[in-house]
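Summary of structural features
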Amino acid sequence: MGEVNVIINNQKIVAEAGETILDAARRANIRIPTLCYLKDVVKSGACRVCLVEVKGARALLSACTTPVSEGMVVWTNSERAIRARKTTVELIMSNHNKNCLSCKRNLNCELQKLCQELGVRENRFEGEYTEPTFEDASPGIVRDTSKCVLCERCIQTCMTRSSRMSTACSADSA
Ligand code: SF4
Ligand code: FES
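Attention in this report is confined to the structure presented alongside it. (Residues numbered from 1 in each chain as written. Chains lettered and ligands numbered in written order. Predicted model: local features only at pLDDT ≥ 70, side-chain atom pairs only at ≥ 80, totals over all residues. Heavy atoms only, no water.)

A short note on the overall build of the chain
- When helices and strands are counted, the chain shows four helices and seven strands.
- For the chain, the succession of helices and strands along the chain, N to C, is β-β-α-β-β-β-α-α-β-β-α.
- When the backbone C-alpha atoms are referred to their principal axes, the chain occupies close to 55 × 50 × 25 Å.
- The burial tally for the chain puts 36% of its 174 residues in the buried class.
- Long-range pairs, those at least 24 residues apart, make up 53% of the contacts in the chain between residues at least 6 apart in sequence.
- With 24 positive and 20 negative side-chain charges, the chain shows a separation of 4 Å between the mean positions of the two kinds. (Helix = DSSP H or I, 4+ residues; strand = E, 2+ residues; numbered from the N terminus. Buried < 20%, exposed > 50% of the residue type's maximum accessible area, 1.4 Å probe, protein only. Contact = heavy atoms within 4.5 Å. Lys, Arg positive; Asp, Glu negative; His and termini not counted. Charge placed at Lys NZ, Arg CZ, Asp CG, Glu CD.)

Structure follows, in structure tokens:
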């Protein structure tokens, strides 16, 4: 793999060709908030929390799915990117059971931290809520739809695990 030169927040960075804006930024200690991203498991671009501004691009791009390219200029902290990120989290919260005080994840919750970081304190979007259902058939995953943020982590984790298991089984039987 070769190298590409990019500029993130006015900082020159030598990135690896093919890596994402998020990976290049992290190696340079530039923080981009994420929610659905899970290293080596989920890069679905589902949540849109990691939106960044890229010179020449009309729309904001998700840092976790967009590969770097030579000469790319990125702003992770422009007013437009921060505003879009906040609106995204406000929309997620508009369909969220916000009973943090009685929630198991209180004070250990990525979504709660994002709300604090982005200053999401009010219900800006009111509307219908998804019918709550609670699934705990699996010992590994409990899914409460009143708090589901549609990050797809549970789906991708199961798919990754089952594909690794079938690869291991094929290797065993070879
Ligand atoms: S999952 Fe939702 S209700 Fe629970 S602590 Fe996080 S933001 Fe609050
Ligand atoms: S973290 Fe990039 S789209 Fe969710």
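Quick look at the sheet that holds strand S5 (residues 73–75)
- The five strands lie next to each other as S2-S1-S5-S3-S4, forming an open sheet whose pairing is mixed. Of all the strands in the sheet, the pair left with one neighbour each is strand S2 (11–16) and strand S4 (61–62).
- Where strand S3 (residues 51–54) lies against S5, two bridges are found, and the strand directions are antiparallel. Bridge pairing in S5 links valine 54 to valine 74.
- Those strands touched by helix H2 (residues 79–93) are S3 and S5, and its axis lies near 155° from that of S3. (Pairing = 2+ DSSP bridges. Axes fitted to C-alpha atoms, helices over the stretch in contact; angles between N-to-C directions.)

Remarks on the site of ligand 1
- Lining the immediate surroundings of ligand 1 are His96, Asn97, Asn99, Cys100, Cys103, Arg105, Asn106, Cys109, Gln112 and Lys147.
- A per-class count over the shell around ligand 1 returns three nonpolar, five polar and two charged. (Near = heavy atom within 4 Å. Nonpolar A, V, L, I, M, F, W, Y, C, P; charged D, E, K, R; others polar.)

A closer look at helix H3 (residues 110–118)
- Residues of H3 that are buried: Leu111, Gln112, Leu114, Cys115 and Leu118. Down the axis, H3 shows its buried residues gathered within 160° of arc, on one side only.
- The inward-facing, buried residues of H3 abut H2.
- Glycine 119 sits one or two residues past H3 and shows a positive phi near 75°. (Arc of directions from axis to C-beta.)

Some words on the pairing of strand S1 (residues 3–8)
- Here S1 shows one buried face, formed by Val4, Val6 and Ile8, and one open face, formed by Glu3, Asn5 and Ile7.
- By the bridge criterion, six bridges tie S1 to S2 in an arrangement that is antiparallel. Bridge pairing in S2 places valine 4 opposite alanine 15.
- Following S1, the chain reverses through two residues before pairing antiparallel with S2; asparagine 9 in that reversal takes a positive phi of roughly 50°.
- In this sheet, S5 lies alongside S1 in parallel orientation, the contact comprising two bridges.

Digging into unusual backbone geometry
- Of note in the backbone geometry, asparagine 10 takes a positive phi value of approximately 70° without being a glycine.
- Among the structural elements, asparagine 10 can be located in the loop between S1 and S2.
- Backbone geometry places leucine 150, a non-glycine residue, at a positive phi of 55°.
- Within the element layout of this structure, leucine 150 appears in the loop between strand S7 (143–144) and helix H4 (153–173).

So, the environment of asparagine 10
- Owing to a relative accessible area of 67%, asparagine 10 belongs among the exposed residues under this scheme.
- In this structure, the C-alpha to C-alpha distance between asparagine 10 and glutamate 126, residues 116 residues apart in sequence, is 38 Å.

A word on the packing of H2 against H3
- Interhelical geometry of H2 versus H3 gives an angle of 135° and a closest axis separation of 10 Å. Viewed along their axes, H2 and H3 adopt a mutual orientation that is oblique. Note that H2 runs across H3; the crossing there is left-handed. Across the interface between the two elements, Arg85, Lys86, Val89, Ile92 and Met93 from H2 touch Leu111, Leu114, Cys115 and Leu118 from H3.
- Here the contact of H2 with H3 is built from residues that sort into seven nonpolar, no polar and two charged. (Parallel < 35°, antiparallel > 145°, perpendicular 65-115°, else oblique. Left-handed = near helix turned anticlockwise from the far one by under 90°.)

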